[in-house]
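# Structural overview for review
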Amino acid sequence: MGAPPREMDRRVHAQAARTTFIALDLLAARYREAGTATSPGRPLRHAELSVFSENGEDGVIQAMLERIGEGSRTFVEIGTGDGRQCNCAFLASVLDWSGIFIEADAADCALLADRYADAPGVAVINARVSPETVNGLLANAPPEPDVLSIDIDGDDYWVWEAITCIAPTVAVIEYNAALPRASRLVQPRHHGP
């Protein structure tokens, strides 16, 4: 008789994570030796690497932090889904940073909370973030997190504009790359949840 399904899932996830981390360590060593990812003046696109992120943000965030220096080793991420594909999972899961994940979907938030149940420095909040609620939700956030990520598919700009209680070093905010660079477009502001 084998382990219960949930325990088996945790073991499989842990083994996959170890394999990923070993591969990342080897890749990071190559980047350090070649000096291509973090050298000042080199385009950040050379540092793109996706482990948990969608478009290479894991590597780009790391390269930026290596260039400017880590401060508090803390993050805030608004809009994480279940944590399998988001911008700060690498920081929390691999580099053991502290921070806050905020997710509106209750089912995704439950999976995220389960994923970080053994990480005392990581808080998971189930809430819909709006320009009106963001500062209240971040009341217990680190005042100067190294990284703030906003990916809420709508009010991203307006939430960013409303934040007054924290001053992040790096801000990662979702945008639509299909729009022409010269366009100055912002989705209309939604009011309330």
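Going by the structure above, here's the rest.
Just so you know, these numbers come straight off a predicted model, no measurement behind them. (Residues numbered from 1 in each chain as written. Predicted model: local features only at pLDDT ≥ 70, side-chain atom pairs only at ≥ 80, totals over all residues. Heavy atoms only, no water.)

Let us look at the pattern of salt bridges. Under the counting rule described, the total for this entry stands at 2 salt bridges. Taking the shortest distance from any N to any O, the salt bridge between Glu 70 and Arg 73 comes out at 3.0 Å. Judged by relative accessible area, Glu 70 falls into the partly exposed class, the value being 38%. The partner of Arg 84 in a salt bridge is Asp 82, with the nearest N and O atoms 2.8 Å apart. (Salt bridge = Lys/Arg side-chain N within 4 Å of Asp/Glu carboxyl O. Buried < 20%, exposed > 50% of the residue type's maximum accessible area, 1.4 Å probe, protein only.)

What follows deals with a nonpolar patch on the surface. Side chains of Tyr 157, Trp 160 and Val 186 sit close together on the surface and give an oily, nonpolar patch of about 270 Å² of accessible area. For Tyr 157, the location among the structural elements is in helix α6 (residues 156–162). (Patch = residues over 30% accessible without salt bridge, like charges linked within 9 Å, V, L, I, M, F, W, Y side chains within 5 Å. Areas by Shrake-Rupley, 256 points an atom, 1.4 Å probe, with all protein chains shown as cover. Helix = DSSP H or I, 4+ residues; strand = E, 2+ residues; numbered from the N terminus.)

By the criterion of burial, strand β2 (residues 98–103) is predominantly enclosed, with 5 of the 6 residues buried. Of the strand pairs in this sheet, strand β1 (residues 74–78) and β2 are connected by 5 bridges, and their pairing is parallel. In the sheet register, Ile 78 faces β2, and the bridge partner there is Ile 102. Taken together, the 5 bridges between β2 and strand β3 (residues 122–126) define a ladder with parallel strand orientation. Following the sheet pairing, Ile 100 is matched in β3 by Ala 123. Read as a crossover between parallel neighbours, the route from β2 over helix α4 (residues 106–115) to β3 is right-handed. (Pairing = 2+ DSSP bridges. Right-handed = clockwise from strand over helix to strand, strands pointing away.)

As a further point, take the nonpolar core. Among the nonpolar cores identified, the biggest contains 19 residues, and Leu 65, Phe 75, Leu 91, Phe 101, Tyr 116, Val 122 and Val 147 are the most heavily contacted of them. When residues of this core are traced back to their parent elements, those giving at least two are α2 (57–68), α3 (89–93) and β5 (170–173). The element that contributes the greatest number of residues to this core is α3, accounting for 4 residues. Excluding its chain neighbours within four sequence positions, the residues that come into contact with Val 147 are Ile 61, Leu 65, Thr 74, Phe 75, Val 76, Cys 88, Leu 91, Trp 97 and Val 170. One finds Ile 78, Leu 148, Ala 162 and Ile 163 within the second-largest nonpolar core, a separate group that totals 15 residues. (Core = buried A, V, L, I, M, F, W, Y, C linked by side-chain atoms within 4.5 Å. Contact = heavy atoms within 4.5 Å.)

For the rest of this paragraph, the subject is the sheet that holds β5. Judged by pairing direction, the sheet is parallel, and its 5 strands sit side by side in the order β3-β2-β1-β4-β5 without closing on themselves. With partners counted over all chains shown, the strands left at the sheet margins are β3 and β5, one partner each. On average, each strand axis in the sheet is inclined to that of its neighbour by 10 degrees, with strand direction left out of account. Sheet strands touched by α2: β4 (147–150) and β5. Its angle to β5, the strand with the most contacts, is close to 160 degrees. The sheet contacts of α4 involve β2 and β3, and relative to β3 the element is tilted by about 165 degrees. (Axes fitted to C-alpha atoms, helices over the stretch in contact; angles between N-to-C directions.)

None of this, on its own, says anything about what the molecule does.
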